Amino acid sequence: MPGFDASLYYGLVAPAGTPRPVIDKLNKTLQGRARLRRGEEALGLDGTEITPGTPEDYAVFIDKDEKKWAQLVKASGVEQE
C-alpha cells in the first residue's frame, strides 16, 4: 500500500504490575548490552537500527503500531474474531 510502513522491531516487555525498579534495571541492562560493539555489529547484520528509549516511549510506539494495524485490518474488510 502506498505510504504504508511495515517495519519489524524488537523490544522487551514485562507483565503488568512489574515493580518500576525492575523495569528500570531491565531497560538499563538492555540498552547497555545493545550498545556494546559486538551487540551493534550483530544487530546490524540484518539492518537493525538501535533506537534506545524509555519504557514510556516504547508503550507509545506499541500503541501507535496497534492502531495502525487495526485501521489496515478494518479497511481490508476482513472480519475479526
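Remember, predicted model here, so these are calculated numbers, not experimental data. Within each chain, residues carry numbers counting from 1 in the order of the written sequence. For a predicted model such as this one, the threshold for reporting local features is a pLDDT of at least 70, and the threshold for listing and counting side-chain atom pairs is 80 or more; totals across whole chains, interfaces and linings nevertheless cover every residue. Think of the side-chain values as coming from all heavy atoms in the structure, minus any hydrogens and water.

Considerations on the overall build of the protein chain
And then number 1: When helices and strands are counted, the protein chain shows 3 helices and 0 strands.
And then number 2: Along the protein chain, from the amino end to the carboxyl end, the secondary structure elements read α-α-α.
And then number 3: For each residue, the accessible area found with a 1.4 Å probe, counting protein chains only, is set against the maximum for its type, and the residue is called buried under 20%, exposed over 50%, and partly exposed in between. Going through the 81 residues of the protein chain one by one, you find that 6% of them count as buried.
And then number 4: The criterion used for residue contact is that any of the two residues' heavy atoms lie within 4.5 Å. A sequence separation of at least 24 residues applies to 64% of the contacts in the protein chain between residues at least 6 apart. The way it works is that DSSP assigns letters per residue, a run of H or I at least four long becomes a helix, a run of E at least two long becomes a strand, and they are numbered from the N terminus.

Quick word on the pattern of salt bridges
And then number 1: Just to be clear on terms, a salt bridge is a Lys or Arg side-chain nitrogen sitting within 4 Å of an Asp or Glu carboxyl oxygen. For the coordinates displayed, the defined rule picks out 4 salt bridges.
And then number 2: We note a salt bridge from R20 to E56, for which the minimum N-O separation is 2.5 Å. Residue R20 is found in helix α1 (residues 20-35), and its partner E56 is found in helix α3 (residues 55-76); the two are separated by 36 residues along the sequence.
And then number 3: The class of R20 is partly exposed, set by a relative accessible area of 41%.
And then number 4: Salt bridges here are not isolated pairs; linked through shared partners, they connect R20, D24 and E56.

Considering the packing of aromatic side chains
And then number 1: Ring pairs are drawn from Phe, Tyr and Trp, using the six-membered ring of Trp, whenever the two centres fall within 6.5 Å, and their geometry is named by plane angle: stacked under 30 degrees, edge-to-face over 60, tilted for the rest. Considering all chains together, one arrives at 3 aromatic pairs under this definition.
And then number 2: When the ring of Y9 is compared with that of Y58, the centres are 6.2 Å apart and the planes differ by 85°; the resulting orientation is edge-to-face. Taken together, the residues Y9 in the segment before α1 and Y58 in helix α3 connect sequence positions 49 residues apart.
And then number 3: Looking at Y9, the relative accessible area reads 29%, which means it is partly exposed.

Observations concerning the side chain of Q31
And then number 1: Relative to the assigned elements, Q31 resides in helix α1.
And then number 2: One polar contact links the side chain of Q31 to the main-chain carbonyl oxygen of G53, over a distance of 2.7 Å.
And then number 3: Those residues within four positions of Q31 in sequence are excluded, and the remaining contacts are P52 and G53. Residues adjacent in sequence count toward polar contacts only when both atoms are side-chain atoms; beyond that, a polar contact is any pair of N or O atoms within 3.5 Å, and within protein one must be able to donate a hydrogen and the other to accept it.

Remarks on α3
And then number 1: Counted at 1.5 Å a residue, the expected span for α3 with its 22 residues is 32 Å, and the 32 Å between its end C-alpha atoms agrees.
And then number 2: Where α3 ends, the next residue or the one after it, G77, has phi of about 80°, a positive value. A helix's residues, less one, multiplied by 1.5 Å, set its expected span.

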